[in-house]
Amino acid sequence: MSHPNLVALATITRREVTRILRIWAQTLVPPAITMTLYFLIFGNLIGSRIGDMGGYTYMDFIVPGLVMMAVIQNSYGNISSSFFGAKFGRHIEEMLVSPMPNWVILGGYVAGAVLRGLMVGVIVLGIAMLLHPRARAASVHHPGDGAAGCHHFFAGRFHQRGVCQEVR
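Reference entry: report on the structure contained in this document.

Conventions adopted
Residues numbered from 1 in each chain as written. Predicted model: local features only at pLDDT ≥ 70, side-chain atom pairs only at ≥ 80, totals over all residues. Heavy atoms only, no water. Helix = DSSP H or I, 4+ residues; strand = E, 2+ residues; numbered from the N terminus. Expected span 1.5 Å × (residues − 1). Buried < 20%, exposed > 50% of the residue type's maximum accessible area, 1.4 Å probe, protein only. Axes fitted to C-alpha atoms, helices over the stretch in contact; angles between N-to-C directions. Parallel < 35°, antiparallel > 145°, perpendicular 65-115°, else oblique. Left-handed = near helix turned anticlockwise from the far one by under 90°. Contact = heavy atoms within 4.5 Å. Nonpolar A, V, L, I, M, F, W, Y, C, P; charged D, E, K, R; others polar.

1. Describing helix α4 (residues 58-89)
Logical step 1: Relative to the 46 Å expected for 32 residues at 1.5 Å per residue, α4 spans 45 Å between its end C-alpha atoms, a close match to the ideal helical length.
Logical step 2: One or two residues past the end of α4 sits Arg90, with phi positive at roughly 60°.

Okay, structure coming up:
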């Protein structure tokens, strides 16, 4: 990794991941609590009244959607708050006048947003597996089922929306 652009990309990504992990109580815990409440309210209380639909319980039906909802919200929120913080702290100006290409700056922030979405997705999926044993069985028999591709696609799409929102 000796190319200056790759070093800059890795540095921005590392700074974003460090920021996420430094304030983990603000970036990783609230989505876990929110999704736990969703699982308890919608999955257990409402799901018990709905019953099975085509061989699937209501909890089986909502787990993938709630995991993706957490991923999308957090990837969007990460890049929005990162750009806002950079504008507020005035260090975005230093990056823009540096010899770094714009794609490197954007790529570093995007990588941070995707990694935060992945961290939150893993946490929420872990909570779902604790609260719902069938989710555990489904993840063992069908690991992924395109979930990784969906994560990268949706996290990528919604972080770009966050960039567009913040740049204006």
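Having seen the structure, we can now continue with the description.
2. Thoughts on the environment of Met69
Logical step 1: With respect to the helices, strands and loops of the structure, Met69 is situated in helix α4.
Logical step 2: Here Met69 falls in the partly exposed class, since its relative accessible area comes to 26%.
Logical step 3: When the C-alpha positions of Met69 and Met35 are compared, they lie 9.2 Å apart, and in sequence the two are 34 residues distant.

3. Notes on unusual backbone geometry
Logical step 1: For Arg90, which is not a glycine, the phi torsion comes out positive at approximately 60°.
Logical step 2: Looking at Arg90, the relative accessible area reads 53%, which means it is exposed.

4. Structural notes on the packing of helix α3 (residues 29-50) against α4
Logical step 1: Packing of α3 against α4 brings their axes to within 10 Å, and their N-to-C directions diverge by 155°. In terms of axis orientation, α3 runs roughly antiparallel to α4. Both α3 and α4 take part in a crossing whose hand is right-handed. Facing Pro31, Met35, Tyr38, Phe39, Phe42, Gly43, Gly47 and Ile50 of α3, the residues of α4 in contact are Tyr58, Met59, Ile62, Val63, Leu66, Met69, Ala70, Gln73 and Asn74.
Logical step 2: Residues that form the contact of α3 with α4 fall into these classes: 13 nonpolar, four polar and no charged.

5. Describing the environment of Val122
Logical step 1: Mapped onto the elements, Val122 comes out in helix α6 (residues 102-131).
Logical step 2: Judged by its relative accessible area of 54%, Val122 is exposed.
Logical step 3: As for Val122 and Val71, which are separated by 51 residues in sequence, their C-alpha atoms are 9.2 Å apart.

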